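Chain by chain, the residues run as shown.
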Amino acid sequence: MKYRRFDPATVYRWLLKLYPAGFREEYESPMEQQFRDDLRSASSTQQRAMLWIAAVLDIVTQAPAQFSREVWQDLRYTVRVYRNRSTTAALAVGALAVAIGASTGIFGVLNAVLIRSLPFSNPESLVEIWRSRTGALRGRAAFLDWQHSTPYLRSAAAFSTTEMNLEREYGALRVNVAETSANLFDLLGTKPIWGRSFRAEEDSPGNSGVAIIGYDLWQQAFGGDPGLIGMKVRVNGTPIEVIGVAPPRFTTPSEQRSGSLRRLTSSVFPNEAPSFSAR
Amino acid sequence: MRGVPSTIEALLPLPLAIFHMLLSLSEGERHGYALKREIVQRTGGKLNLGSGALYGSINKMLEQGLIEESDERPDPHLDDERRRYYRITPLGRRVAQAEAIRLRELVRVAETHLRLPEPA
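Cut-offs applied
- Residues numbered from 1 in each chain as written.
- Chains lettered and ligands numbered in written order.
- Predicted model: local features only at pLDDT ≥ 70, side-chain atom pairs only at ≥ 80, totals over all residues.
- Heavy atoms only, no water.
- Patch = residues over 30% accessible without salt bridge, like charges linked within 9 Å, V, L, I, M, F, W, Y side chains within 5 Å.
- Areas by Shrake-Rupley, 256 points an atom, 1.4 Å probe, with all protein chains shown as cover.
- Salt bridge = Lys/Arg side-chain N within 4 Å of Asp/Glu carboxyl O.
- Helix = DSSP H or I, 4+ residues; strand = E, 2+ residues; numbered from the N terminus.
- Buried < 20%, exposed > 50% of the residue type's maximum accessible area, 1.4 Å probe, protein only.
- Contact = heavy atoms within 4.5 Å.
- Pairing = 2+ DSSP bridges.
- Axes fitted to C-alpha atoms, helices over the stretch in contact; angles between N-to-C directions.
- Buried area = accessible area lost by both parts, 1.4 Å probe.
- Polar contact = N/O pair within 3.5 Å; in protein donor to acceptor, adjacent residues only side chain to side chain.
- Nonpolar A, V, L, I, M, F, W, Y, C, P; charged D, E, K, R; others polar.
- Parallel < 35°, antiparallel > 145°, perpendicular 65-115°, else oblique.

A separate point is a nonpolar patch on the surface. Residue and element names in this part refer to chain A. Together, Ile106, Phe107, Val109, Leu110, Val113, Leu114 and Ile115 make up an exposed nonpolar region whose accessible area comes to about 730 Å². Structurally, Ile106 can be placed in helix H4 (residues 86-115). With a relative accessible area of 52%, Ile106 lands in the exposed category.

So, in structure tokens, the structure goes:
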């Protein structure tokens, strides 16, 4: 059985593939020839080892330089060509801008609707029920009655979103607020990353001045200060105690569609309960 | 530099390897490996170009019009016919001259400032 003798230049030829194709096409053969000549003139193992180290270092330093050189040349050539054809260039740039904008927009919608799952545990078992303005279900008592009587749902929570003024030392900030029933976090399977969730007794009238603040609002308006937990903030003139911070990306199920960033969730139960999140 | 056309001045200062190659090619046509050996010999082994640096510089010089590939080939019995030979162009010669003048002026300044001893 005949074995082919190992040819070191084969390894070198493989390393030369790190160079850009155009450069390789021009100089691969003389470079390989030079390496063979150098290898032939190296008399000791040490010299051959040094030659290999030098060859690898040469490729590692020169190949990126050749790449950037070719890219720069291509760029200069492109600019030169398109400078002389300004209408074509404008059309190409316009077409690119439209295509990129359309692709980004379509991906944004697909990502929100089809790809990215809701940041809740078991999102597939959640349904959202909207109360129509003319519907009969109004107020806390009606909701609680409906919640306990419906045979189709394991649990239900109510929330209502609105905008309110968050008052601070240096001015008010308009923030989105969802007023919820106390069980919303439990129903969605979400826990605050800081502080605690709402307690059942906080659903009762007169016992509702607590809030879980949205992560982004916590970062933007309060600099991520953990000392905010237990402090009172004024929302529409009413002092509300911050008891926790919601996880990043957490909003109410409705807001998952609109991607609202700011959120202040309070358990001030609304007089009307326009939306139910149920499982 | 006064009296040097802007096309030449834009190429100065020349990288050391390119200046050495132009010096070698000013004596006649050479192939890449011969250029490398000559530079090693001239610099006492201090400048030993790897093949990437060597052919990268040759590529650059070809693009800048400092050298051109020679069609004349030596007798195939005397040399490997795969080797490519290069020769200096008139522009390359003028650029090498301008670089030499630039270096001479630099050495003159150094002699004044550093009070170099006269060569033996």
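With that settled, the discussion passes to the environment of Trp146 of chain A. Residues and elements named next belong to chain A. Mapping Trp146 onto the fold places it in helix H5 (residues 139-149). With a relative accessible area of 22%, Trp146 lands in the partly exposed category. Separated by ten residues in the primary sequence, Trp146 and Ala156 place their C-alpha atoms 9.2 Å from one another.

Moving on: the environment of Gly56 of chain B. Structurally, Gly56 of chain B can be placed in helix H4 (residues 51-64). Apart from residues lying up to four places away in sequence, Gly56 of chain B is in contact with Phe23 and Gln66 of chain A together with Ser51 of chain B.

So, on to the sheet that holds strand E3 (residues 85-88) of chain B. Residue and element names in this part refer to chain B. One open sheet holds the three strands; their spatial order is E1-E3-E2, and the pairing between them is antiparallel. Strands at the two margins of the open sheet, each flanked by one partner only, are strand E1 (30-31) and strand E2 (67-69). Across the sheet, helix H2 (residues 16-25) lies against E1, E2 and E3, angled at about 90° from E3, the strand it touches most.

Facing the 20 residues of chain B at the interface are 18 residues of chain A. The contact between chain B and chain A buries some 1600 Å² in all, and 41% of this surface belongs to carbon and sulfur atoms. Considering only the surface of chain B that becomes buried against chain A, Tyr33, Tyr55 and Arg84 of chain B emerge as the three largest contributors, covering 33% of it. Joining chain B to chain A, the criterion identifies three salt bridges. The residue Lys36 of chain B makes a salt bridge to Asp38 of chain A at a minimum N-O spacing of 3.6 Å. The interface formed by chain B and chain A contains nine residue pairs in polar contact (both at pLDDT 80 or more). Of all the secondary-structure elements, those providing two or more residues to the side of chain B that touches chain A are helix H3 (32-42) and H4 of chain B. Top contributing element to the side of chain B that touches chain A by residue count: H4 of chain B, with eleven residues. When its residues are assigned to classes, the side of chain B that touches chain A shows eight nonpolar, five polar and seven charged.

Take unusual backbone geometry next. Put simply, Leu12 of chain B and Pro13 of chain B share a cis peptide bond, and its omega is -5°. With respect to the secondary-structure elements, Pro13 of chain B resides in the loop between helix H1 (6-9) and H2. For Asn236 of chain A, which is not a glycine, the phi torsion comes out positive at approximately 50°. Tracing the chain through its elements places Asn236 of chain A in the loop between strand E6 (232-235) and strand E7 (238-245).

A separate point is the pairing of E7 of chain A. Residue and element names in this part refer to chain A. Pairing geometry for strand E4 (residues 194-195) and E7, over two bridges, is antiparallel. Among the inter-strand pairings, Trp194 is bridged to a residue of E7, identified as Val245. Relative to E7, strand E5 (residues 210-213) is paired through four bridges, and the arrangement is parallel. By the bridge assignment, Val210 is partnered in E7 with Glu241. Of the strand pairs in this sheet, E6 and E7 are connected by four bridges, and their pairing is antiparallel. Following the sheet pairing, Lys232 is matched in E7 by Glu241. Hairpin connection, E6 to E7: the antiparallel pair is bridged by two residues, and Asn236 has positive phi, about 50°.

With that settled, the discussion passes to the packing of helix H3 (residues 45-84) of chain A against H4 of chain A. Residue and element names in this part refer to chain A. At their nearest, the axes of H3 and H4 sit 5 Å apart, and the two run at 115° to each other. Considered as vectors, H3 and H4 are oriented roughly perpendicular to each other. Here Tyr82, Arg83 and Asn84 of H3 come into contact with H4, specifically with Ser86, Thr88 and Ala89. Split into classes, the residues belonging to the contact of H3 with H4 amount to two nonpolar, three polar and one charged.

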